[in-house]
Amino acid sequence: MSFTGKVAIVTGAGSGIGAVTAKELAREGAKVVLVDKNEENLQDVANDCGQYGKKPLIIKADVTKDDDVKHIVKETIENFNQLDILINNAGIGNRSTIFDENLMEQFDQVMNTNLRSMVHLTHLAAPYLIKTKGNIVNTSSVCALRLLKGKSLLAYSVSKAGVDHFTRCVALDLAPHGVRVNAVNPGPANTNLIKDKEMWTDCSAFKRLLEPEEIADVILFLASDKARSVTGSTYGCDNGALLI
Ligand code: NAI
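In this convention, every chain numbers its residues from 1, walking through the sequence in written order. Where local features are concerned, this predicted model is filtered to residues with pLDDT of at least 70; where side-chain atom pairs are given and counted, the filter is 80 or more; whole-chain, interface and lining totals use all residues. Each side-chain value is derived from all of the structure's non-hydrogen atoms; neither hydrogens nor water enter the calculation.

A. Examining the overall build of the protein chain more closely. The helix and strand inventory of the protein chain stands at 7 helices and 7 strands. Listing each helix as α and each strand as β along the protein chain from the N terminus yields β-α-β-α-β-α-β-α-β-α-β-α-α-β. For the protein chain, whose C-alpha radius of gyration is 17 Å, the value lies close to the compact-globule estimate of 18 Å for 244 residues. The dimensions of the protein chain, computed from C-alpha atoms along their principal axes, are 50 × 40 × 35 Å. Under the scheme applied here, a residue whose accessible area is under 20% of the maximum for its type counts as buried, over 50% as exposed, and between as partly exposed, the area being computed with a 1.4 Å probe on protein chains only. The buried share among the 244 residues of the protein chain stands at 52%. Of the contacts made within the protein chain by residues no fewer than 6 positions apart, 71% connect residues no fewer than 24 positions apart. Per element, the accessible surface of the protein chain, about 11,300 Å² overall, is 51% carbon and sulfur. Between the averaged position of the 27 positive side-chain charges in the protein chain and that of its 29 negative side-chain charges there is a distance of 5 Å. In this description a helix means any DSSP run of H or I spanning at least four residues, a strand means any run of E spanning at least two, and both kinds are numbered starting from the N terminus. Atoms considered for the radius of gyration are the C-alpha atoms alone. The globule rule reads 2.2 Å times the number of residues to the power 0.38. Note on contacts: a residue pair is in contact if any heavy atoms of the two residues lie within 4.5 Å. Each accessible area is a Shrake-Rupley estimate made with a 1.4 Å probe; only the visible protein chains count as cover when residues are assessed. For the purpose of counting charges, residues Lys and Arg are taken to be positive, whereas Asp and Glu are taken to be negative. His and the chain ends are not included. Charged groups are reduced to one reference atom each: NZ for lysine, CZ for arginine, CG for aspartic acid, CD for glutamic acid.

Right, here's the structure in full:
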């Protein structure tokens, strides 16, 4: 899959799925824009991407802050004058229930990070993606589709269900402009987001966690011309977590 000449924004690029996706895109020739609130991690990822020849653009941004989101698009266009691919991946985990005393605080934080930021960045990036007939891949989760191990993960699951439906809405809005929009729905993965690794390992038919590389492979497929007929899809990548 060649991404030569393409400009790709990856949010949450400082760690886990986003970091690996950015490196894979760089390896396939893309000019990558690395976005994360954690700047220290971004520098390490940038060094890895840089070995493939193109110096990435680093943007320290908190995607829950409106001015930071505006800055992401402005900087990208000022530097590269185009945008082909948007990987909306930044997200946080959360284990809330309806009984939690501070539920609304948690709910707002999770929705702002996992969903509202995605809506805002997509809104601002859309005019540039239309120009290049580019595409968007959103990182959702199996939790959008089903509750694993009897854990509701209330705020997280609702935010990811929102990501799936947002993906379909934007796919329909942008289809007349030749822009594709898809989501990947990973099962439990071996990243910093998962604290209780043993418990989550038991949640898949294969009885293992996904490696971020396996999810990045699906993201790159969806972002590539090989997926030219795929839009509005929520694409499973979960070691069979939805089977059990
Ligand atoms: P991670 O914790 O390794 O990486 C997430 C990155 O997002 C971090 O670098 C973090 O600094 C960044 N981030 C968080 N909030 C941010 C904000 N407000 N502004 C800017 N950057 C921010 O976790 P992972 O697993 O790589 O997560 C990536 C995406 O994958 C998330 O959307 C997560 O919900 C999703 N996901 C993860 C699964 C897992 O089991 N690890 C399973 C299904 C989905």
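B. Representation of unusual backbone geometry in the model. The phi dihedral of Lys133 falls on the positive side, at around 50°, and the residue is not glycine. Inspection of the secondary structure puts Lys133 in the loop between helix H4 (103-132) and strand S5 (135-139). Its identity as a non-glycine residue notwithstanding, Lys207 has a phi of 55°, on the positive side. Assignment of secondary structure puts Lys207 in the loop between helix H6 (197-201) and helix H7 (212-223).

C. Broad picture of H4. To estimate the expected span of a helix, subtract one from its residue number and multiply by 1.5 Å. Over its 30 residues, H4 extends 41 Å from the first C-alpha to the last, a length consistent with the 44 Å expected when each residue adds 1.5 Å. After H4 finishes, the residue Lys133 shows a positive phi value of roughly 50°.

D. Highlighting the pairing of strand S4 (residues 85-88). Where burial is concerned, the two faces of S4 agree: the one with Ile85 and Ile87 and the one with Leu86 and Asn88 are both buried. Where S4 meets S5, 4 bridges bridge the pair, whose relative direction is parallel. Residue pairing in the sheet places Leu86 in a bridge with Ile136 of S5. In short, DSSP must find at least two bridges between two strands for them to pair.

E. The arrangement of the state of the cysteines in detail. The definition used for a disulfide is geometric: two cysteine sulfur atoms within 2.5 Å. Taken as a whole, this structure holds 0 disulfides when the rule is applied. Free cysteine Cys49: the closest other cysteine sulfur is in Cys237, separated by 20 Å. By relative accessible area, which is 0% here, Cys49 ends up buried.

F. Focus on the pattern of salt bridges. Every case where a carboxyl oxygen of Asp or Glu lies within 4 Å of a side-chain nitrogen of Lys or Arg is listed as a salt bridge. In total, this model carries 7 salt bridges according to the counting rule given. Here Asp48 and Lys23 are joined by a salt bridge, their closest N and O atoms 3.2 Å apart. With Asp48 in helix H2 (residues 39-50) and Lys23 in helix H1 (residues 16-27), the pair connects residues that are 25 residues apart, well separated along the chain. Judged by its relative accessible area of 30%, Asp48 is partly exposed. The partly exposed category is assigned to Lys23, whose relative accessible area is 26%.

G. Spotlight on the sheet that holds strand S6 (residues 180-186). The strand order across the open sheet formed by 7 strands is S3-S2-S1-S4-S5-S6-S7, and the pairing between neighbours is parallel. In this open sheet, the two edge strands, each paired with only one partner strand, are strand S3 (57-60) and strand S7 (234-237). Here the average twist between neighbouring strands, direction ignored, is 15°. Each axis is a line fitted through C-alpha atoms, taken for helices only over the stretch in contact, and angles between the N-to-C directions span 0 to 180 degrees. Along the sheet, H2 makes contact with strand S2 (31-36) and S3, crossing S2 at roughly 165°. On the sheet, helix H5 (residues 154-174) packs against S5, S6 and S7 and is oriented at approximately 160° with respect to S6.

H. Focus on the site of the ligand. In the vicinity of the ligand lie 29 residues, with Ser15, Asp36, Tyr156, Ala189 and Thr191 positioned nearest. At 2.6 Å from an oxygen atom of the ligand is found a side-chain nitrogen or oxygen belonging to Asp36. At 2.7 Å from an oxygen atom of the ligand is found a main-chain nitrogen or oxygen belonging to Ala189. In the complex, the protein chains occlude 94% of the 830 Å² of accessible area that the ligand would expose alone. Mapped by element, the contributors of at least two residues to the shell around the ligand are H1 and H5. Its residues assigned to classes, the shell around the ligand comprises 11 nonpolar, 14 polar and 4 charged. Distances are taken per atom, and a residue is near a molecule or strand as soon as one of its heavy atoms is within 4 Å of it. N or O atoms within 3.5 Å of each other form a polar contact, as long as, within protein, one can give a hydrogen and the other can take it, and as long as residues adjacent in sequence are counted only when both atoms are side-chain atoms. Charged means Asp, Glu, Lys or Arg here, nonpolar means Ala, Val, Leu, Ile, Met, Phe, Trp, Tyr, Cys or Pro, and polar covers whatever is left, Gly included.

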